[in-house]
Amino acid sequence: IDTLDKSIATLNEELLSILASLHSGDYMDPTQDPKAVLEKLDSVREELDTISEKAETYAEWQRVFKIGDGEQSLTSFKDTNTQYEMKREIWQRLDTWNES
């Protein structure tokens, strides 16, 4: 159970790191090339996919062992994923605008 708690804490730290990166650097700089930013966002999507699998597994373990809130890791993931989707849409629209 202690290992599960540590794994969830690590997962949440990863999510906070991704969230912080989405609110800084190239993602916030409108002078950046949208295609380059979209490529970086593709890498973020891969990270989020991996984290999503872990979060679902940890939530299931919490339910099975009846410990903690099985939704906590999923909530953190959902929040970060929502921010990712918003950034992706902004940059996708900017790319479309530049091409028209």
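What you see is a predicted model, and the numbers here were worked out from it, not measured in a lab. (Residues numbered from 1 in each chain as written. Predicted model: local features only at pLDDT ≥ 70, side-chain atom pairs only at ≥ 80, totals over all residues. Heavy atoms only, no water.)

J.: Any chance you could explain the overall build of the protein here in plain terms?
T.: For the protein, the count of helices and strands is three helices and zero strands. In the protein, the order of α-helices and β-strands from amino to carboxyl end is α-α-α. For a compact globule of 100 residues, the expected C-alpha radius of gyration is about 13 Å, and the protein comes in at 16 Å, more than 25% above that figure. In the protein, buried positions account for 32% of the 100 residues. Counting every atom, the protein has about 6,400 Å² of accessible surface; 53% of that belongs to carbon and sulfur. Here the protein carries 11 positive and 22 negative side-chain charges, and the mean point of each set is 3 Å from the other. (Helix = DSSP H or I, 4+ residues; strand = E, 2+ residues; numbered from the N terminus. Rg over C-alpha atoms; globule rule 2.2 N^0.38 Å. Buried < 20%, exposed > 50% of the residue type's maximum accessible area, 1.4 Å probe, protein only. Areas by Shrake-Rupley, 256 points an atom, 1.4 Å probe, with all protein chains shown as cover. Lys, Arg positive; Asp, Glu negative; His and termini not counted. Charge placed at Lys NZ, Arg CZ, Asp CG, Glu CD.)

J.: Looking at this structure, how should I read the confidence of the model for the protein?
T.: Close reading of the predicted structure is inappropriate where its pLDDT is low. Confidence along the protein averages 91 in pLDDT terms, with 95% of residues attaining 70 or more. Here helix α3 (residues 72-99) is the element of the protein with the lowest mean pLDDT, 91, and helix α2 (residues 34-65) is the one with the highest, 93. (pLDDT = per-residue confidence, 0-100.)

J.: Explain the packing of aromatic side chains here, please?
T.: Describing an aromatic ring pair means giving the distance of the ring centres and the angle of the ring planes. Tallying each qualifying case throughout the model produces one aromatic pair. Ring geometry for Tyr 58 versus Trp 61: centroids 5.8 Å apart, planes at 45°, classification tilted. Placement of the pair is Tyr 58 and Trp 61 together in helix α2, with a separation of three residues, close to one helical turn. Classification of Trp 61 by relative accessible area gives partly exposed; the value is 41%. (Phe/Tyr/Trp six-rings, centres within 6.5 Å; stacked < 30°, edge-to-face > 60°.)

J.: Would you explain the pattern of salt bridges in this entry?
T.: A side chain of one charge can pair with a side chain of the opposite charge if their charged atoms are brought near each other. Taken as a whole, this structure holds nine salt bridges when the rule is applied. With its nearest N and O atoms 3.6 Å apart, the salt bridge here joins Lys 6 to Asp 2. With Lys 6 and Asp 2 both in helix α1 (residues 2-22) and four residues apart, this pair spans about one turn of that helix. Residue classification places Lys 6 among the exposed positions, given a relative accessible area of 53%. (Salt bridge = Lys/Arg side-chain N within 4 Å of Asp/Glu carboxyl O.)

J.: When you look at the packing of α1 against α2 in this model, what are you seeing that I'm missing?
T.: Relative orientation and spacing of two packed helices are given, respectively, by the angle between their axes and the distance between those axes. Running from amino to carboxyl end, α1 crosses α2 at an angle of 155°, the nearest separation of the two axes being 10 Å. By the criterion of interaxial angle, the relationship of α1 to α2 is roughly antiparallel. Viewed along their axes, α1 and α2 form a crossing whose handedness is left-handed. Every residue of α2 that contacts α1 at Leu 4, Ser 7, Ile 8, Leu 11, Glu 14, Leu 15, Ile 18 and Leu 22 is listed here: Leu 41, Val 44, Glu 47, Leu 48, Ile 51, Lys 54, Ala 55, Tyr 58, Trp 61 and Gln 62. Residue composition of the contact of α1 with α2, by class: 13 nonpolar, two polar and three charged. (Axes fitted to C-alpha atoms, helices over the stretch in contact; angles between N-to-C directions. Parallel < 35°, antiparallel > 145°, perpendicular 65-115°, else oblique. Left-handed = near helix turned anticlockwise from the far one by under 90°. Contact = heavy atoms within 4.5 Å. Nonpolar A, V, L, I, M, F, W, Y, C, P; charged D, E, K, R; others polar.)

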